[in-house]
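Below, each chain spelled out in residue letters.
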Number of protein chains: 2
Amino acid sequence: MTVKCGDKLPNVYLHENTPDSKVNISELAAGKKVIIVGVPGAFTPCCSKDFVPDFISDCGKYKSKGVDEIVCISVNDPYVMAAWGKDLNAGGKVRMLADGNGVFTKALGLEKDFADTLGTSSSRCKRFSMYAEDGVVKKLFVEPDGHSVTCSKSENLLSQL
Amino acid sequence: MTVKCGDKLPNVYLHENTPDSKVNISELAAGKKVIIVGVPGAFTPCCSKDFVPDFISDCGKYKSKGVDEIVCISVNDPYVMAAWGKDLNAGGKVRMLADGNGVFTKALGLEKDFADTLGTSSSRCKRFSMYAEDGVVKKLFVEPDGHSVTCSKSENLLSQL
């Protein structure tokens, strides 16, 4: 089942910076307005140039609309996610959370095999952007083909808030 | 079966920089003296600080012993490996090859579950260093616990050549 507006965010853990640091996504979203974006892979050209940077540069605009936090998730390990965040200068703007074993991605029903595009056998996450209030999904844009940058773009999500 | 001295390198493909760029490890090693090092994960603290940098800085010493190429492999996708190589300034010294689906790692019998240490469910590669001549393994140092930096260190391999 794919996540839809009105659904509650799953009660699962992600990792931030190191595997020891657990972040419960339900707790993170409770009582807050949060943006969650999902991507196929850290350091991939499309995610690094055309997608995540917009959410970083739009951080101020989201804050002015009452958004408390912006997080980016990917099925990569926490060391890779932290290095990618550093490379993108995401610090203080977008939190880079690792869904290393894909539990969050699978709970949302957004897993996809990117073997051909990434040269890896592991299932990754379709590109999406989401707005949630108090842990409930209010706006959701999943790329139909899983990887293009169209409806999930920051400017589109921002225009809907 | 775990690889041992006297074995031929497996006839498998790795990726360099992008998933389109295929590198056959048998062809790469044919008629050459090569160093191959394997690591549990790109951007992990141990691999990034204590292990791979020594092979990069020892590049000249290896060349003076007749080594033609030094390659580093990990079960990460090619975009992550390329970004890590850039971060380590490995360019022109150590080639960063992605074993994204673990075919090379499994062919060597060196796969290991690093779920606890990496927060990911995918099987990774035990830390090792290897010297091969004309595609045949001549020296091999696999870390007994899979991740420590002891026998596999560059200074040890270098002293055996």
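Residues numbered from 1 in each chain as written. Chains lettered and ligands numbered in written order. Predicted model: local features only at pLDDT ≥ 70, side-chain atom pairs only at ≥ 80, totals over all residues. Heavy atoms only, no water.

- Where an unreviewed UniProt entry is consulted, chain A appears under the name Peroxiredoxin-5, with the organism given as Daphnia magna.
- Quoted verbatim from the Sequence similarities (unreviewed entry) field of the UniProt record, the comment on chain A reads "Belongs to the peroxiredoxin family. Prx5 subfamily."
- UniProt, in its Function (unreviewed entry) section for chain A, records the words "Thiol-specific peroxidase that catalyzes the reduction of hydrogen peroxide and organic hydroperoxides to water and alcohols, respectively. Plays a role in cell protection against oxidative stress by detoxifying peroxides and as sensor of hydrogen peroxide-mediated signaling events." (UniProt positions renumbered as here; feature names shortened; annotations may be inferred.)

**Quick look at the overall build of chain A**
Now for step 1: Along the backbone of chain A there are 7 helices and 9 strands.
Now for step 2: Taking 2.2 N^0.38 as the reference for a compact globule, 161 residues should give roughly 15 Å; the C-alpha atoms of chain A span a radius of gyration of 14 Å, in line with that estimate.
Now for step 3: Along the first, second and third principal axes, the C-alpha atoms of chain A reach 40 × 35 × 30 Å.
Now for step 4: When the 161 residues of chain A are sorted by exposure, 54% land in the buried category.
Now for step 5: In the structure as shown, chain A presents an accessible area of about 6,700 Å², 47% of it carried by carbon and sulfur atoms.
Now for step 6: The centroid of the 20 positive side-chain charges in chain A is displaced by 3 Å from the centroid of its 20 negative side-chain charges. (Helix = DSSP H or I, 4+ residues; strand = E, 2+ residues; numbered from the N terminus. Rg over C-alpha atoms; globule rule 2.2 N^0.38 Å. Buried < 20%, exposed > 50% of the residue type's maximum accessible area, 1.4 Å probe, protein only. Areas by Shrake-Rupley, 256 points an atom, 1.4 Å probe, with all protein chains shown as cover. Lys, Arg positive; Asp, Glu negative; His and termini not counted. Charge placed at Lys NZ, Arg CZ, Asp CG, Glu CD.)

**Considering the pattern of salt bridges**
Residue and element names in this part refer to chain A.
Now for step 1: Applying the stated rule across the entire model yields 14 salt bridges over all chains.
Now for step 2: When the shortest N-O distance is used, the salt bridge between K4 and D7 registers 3.1 Å.
Now for step 3: If you follow the salt bridges from partner to partner, you end up with E16, K32, E69 and R95 in one network. (Salt bridge = Lys/Arg side-chain N within 4 Å of Asp/Glu carboxyl O.)

**Looking at the relation of the copies chain B and chain A**
Now for step 1: Overlaying chain B on chain A yields an RMSD of 0.0 Å, the required transformation being a rotation through 180° with an accompanying axial translation of 0.0 Å. The transformation relating the two chain copies, once decomposed into turn and shift, fits a two-fold axis. (Least-squares fit on C-alpha atoms with pLDDT ≥ 70 in both.)

**Quick notes on the side chain of A:E143**
Residues and elements named next belong to chain A.
Now for step 1: Examined against the element boundaries, E143 turns out to sit in the loop between β9 (136-142) and α7 (154-159).
Now for step 2: Lacking a salt bridge, the buried E143 has R127 as its closest oppositely charged neighbour, with an N-O distance of 5.3 Å.
Now for step 3: In this structure, E143 is in contact with R127, S148, V149, T150, C151 and S152, ignoring residues within four places of it in sequence. (Contact = heavy atoms within 4.5 Å.)

**Comments concerning the nonpolar core**
Now for step 1: One finds A:F43, A:W84, B:F43 and B:W84 to be the most contacted residues of the largest nonpolar core, which totals 63 residues.
Now for step 2: Aside from chain neighbours lying at most four places away, what touches B:F43 is A:F43, A:Y79, A:V80, A:A83, B:S48, B:V80, B:A83, B:W84 and B:D87. (Core = buried A, V, L, I, M, F, W, Y, C linked by side-chain atoms within 4.5 Å.)

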